[in-house]
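Results of the structural survey
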Amino acid sequence: MSGPFHALDAEHVLLRDRARNLAELCLPHAERADESDSVDSDVLQLLKESGLAAVQVPAAYGGHFENPDSLAVTVVREQLAASSSHLDSLFAMQGIGSYAISVGGSDEIKEHWLPRVAAMDAIAALALTEPDVGSDLKALTTTIAADGDEVVVTGTKSFITNGGDASYYCVLGKEEGDGVGYSLVLVPADTPGVTTSRPYQIMAPHVLGDIEFDGVRVPVSHRLGAPTKGFGLVLATLATFRVSVAGAAIGTAQAALDDALAHTTGRDLFGTSLARLGPVPQLLAMSWTEIEMARSFAYQVARAAAADPLGSLHLSSMAKIGATEIAGRVVDRSVQVMGRFGLVRGSRIERLYRAARPMRVYEGATEVLLDGLSKQLIKGHGR
Ligand SMILES: Cc1cc2nc3c(=O)[nH]c(=O)nc-3n(C[C@H](O)[C@H](O)[C@H](O)COP(=O)(O)OP(=O)(O)OC[C@H]3O[C@@H](n4cnc5c(N)ncnc54)[C@H](O)[C@@H]3O)c2cc1C
């Protein structure tokens, strides 16, 4: 159920419906794929056949819109996350892991990689986090150094989505230039000196790998953006895609509410429907209220992000915080009203419960985003 506030134009309605169709096709594979720590070939094939990854890439390189479109990505993720967190992640990374190429890649790199990303013939990855560095990204220790016609990358990246299955890694490292800055370089996964491992499995399994770059050499054409200007590309990536996490959170919450509704309306106890018993109707209505609020806001912000990504980054942060925190509350309430049936391992509600949790940590933990927003708020008051 969704109200008139969410009105999408015809093109986005079409994309939403294609995503819904893909989500349904993936459902039979979801339980297996969502417990996998490597890319599921069935889900990958279905995503490829859907052609939806094209919304992540500029039209000039095989994409759908002139530029990757924040609203399309948000609307598509909402549908995909309701079916499978694995499917959602695979789709999401094609944008997050390729935007720096779209914005800062050489012609050669764009022409080689972007059509492959759009067609799902290449799997994208963005490697920022390190074993000892997460939110405090400027403390990273990976180094990037120019050496004639080549660039040398040395260091270890950790918790990288698609790690081990990606076709390339966009790697952020420290580089000496006019002072020390942070550069971004594309390293094809099969470059000598790149090794991957999978030391972590998280509560909602995810394709995650650690990548070691042991003096890895790539041609200078593999730089993304100018030397020491890599952070700008990372920021541009977040400004375009952060709001789409809200889409995934809303899809997760909606699926949890749907399960709670189906269960409580179908079960009678104490002589009445569970959906009408005690606080259960209020819990269901509160979940509906929060989901509608989150969806309305996320779509508005996604439109703003499509028009002016950096100018609306604070709104994207708010949309991400709001929707992911709401998803946490909705999945928890849904499990509660389903009683023991909400706890069954492998059930959709149990998978949704686990899938909602990492969203409040990755791509800017709630508290990190609140910290940034509070600084902006206080500065706006002249302090
Ligand atoms: C499923 C998943 C996928 C991921 N995929 C990728 C990927 O593809 N590429 C990649 O580079 N990384 C990826 N990551 C890593 C992710 O970006 C980091 O987990 C995130 O940046 C947080 O860093 P951290 O986990 O080291 O937490 P820390 O930095 O140790 O922070 C821990 C907690 O401290 C609090 N905190 C930290 N800093 C502040 C602050 N300034 N103000 C207030 N509170 C603060 C927050 O509550 C935060 O949750 C992924 C993580 C997950 C869980």
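Keep in mind that this is a model prediction, so the values were computed, not measured.

Let us look at the site of the ligand. Neighbouring residues of the ligand: 18 residues in total, closest L128, T129, S135, T161 and E367. In this structure, an oxygen atom belonging to the ligand sits 2.7 Å away from a side-chain N or O atom of S135. Here an oxygen atom of the ligand and a side-chain polar atom of E367 are 2.7 Å apart. For the ligand, whose accessible area on its own is 970 Å², the fraction buried by protein is 65%. Taken together, the elements giving at least two residues each to the shell around the ligand come down to β1 (126-127), β3 (150-161) and α11 (366-379). Each residue belonging to the shell around the ligand can be placed in one class, and the counts come to eleven nonpolar, five polar and two charged. Three or more residues apiece are contributed to the shell around the ligand by two domains, here domain 2 (126-227) and domain 3 (232-376).

How big an interface is tends to be stated in terms of the accessible area lost upon association of its parts. What the domain assignment reports for the protein chain is domain 1 (10-123), domain 2 (126-227) and domain 3 (232-376). Averaged C-alpha coordinates put domain 1 and domain 2 at centres separated by 22 Å. In total, about 1900 Å² of surface goes out of reach between domain 1 and domain 2, with carbon and sulfur atoms giving 59% of it. A per-residue breakdown of the area domain 1 buries against domain 2 is headed by D37, W113 and I123, which together make up 31% of the total.

This part covers the pattern of salt bridges. Counted by the stated rule, this structure contains 20 salt bridges. Of the charged contacts, one joins R333 and E290 as a salt bridge, the two residues approaching to 3.0 Å between their closest N and O atoms. Here R333, found in helix α9 (residues 313-337), pairs with E290, found in helix α8 (residues 280-307); they are 43 residues apart in sequence, far enough to count as distant. Taken individually, R333 and E290 each receive the classification buried, so the pair is uniform in this respect. When salt bridges with common partners are traced through the structure, they connect R32, D40 and D42 into a single cluster.

Thresholds, definitions, all that
Residues numbered from 1 in each chain as written. Predicted model: local features only at pLDDT ≥ 70, side-chain atom pairs only at ≥ 80, totals over all residues. Heavy atoms only, no water. Near = heavy atom within 4 Å. Polar contact = N/O pair within 3.5 Å; in protein donor to acceptor, adjacent residues only side chain to side chain. Areas by Shrake-Rupley, 256 points an atom, 1.4 Å probe, with all protein chains shown as cover. Helix = DSSP H or I, 4+ residues; strand = E, 2+ residues; numbered from the N terminus. Nonpolar A, V, L, I, M, F, W, Y, C, P; charged D, E, K, R; others polar. Domains from an automatic or database assignment. Buried area = accessible area lost by both parts, 1.4 Å probe. Salt bridge = Lys/Arg side-chain N within 4 Å of Asp/Glu carboxyl O. Buried < 20%, exposed > 50% of the residue type's maximum accessible area, 1.4 Å probe, protein only.

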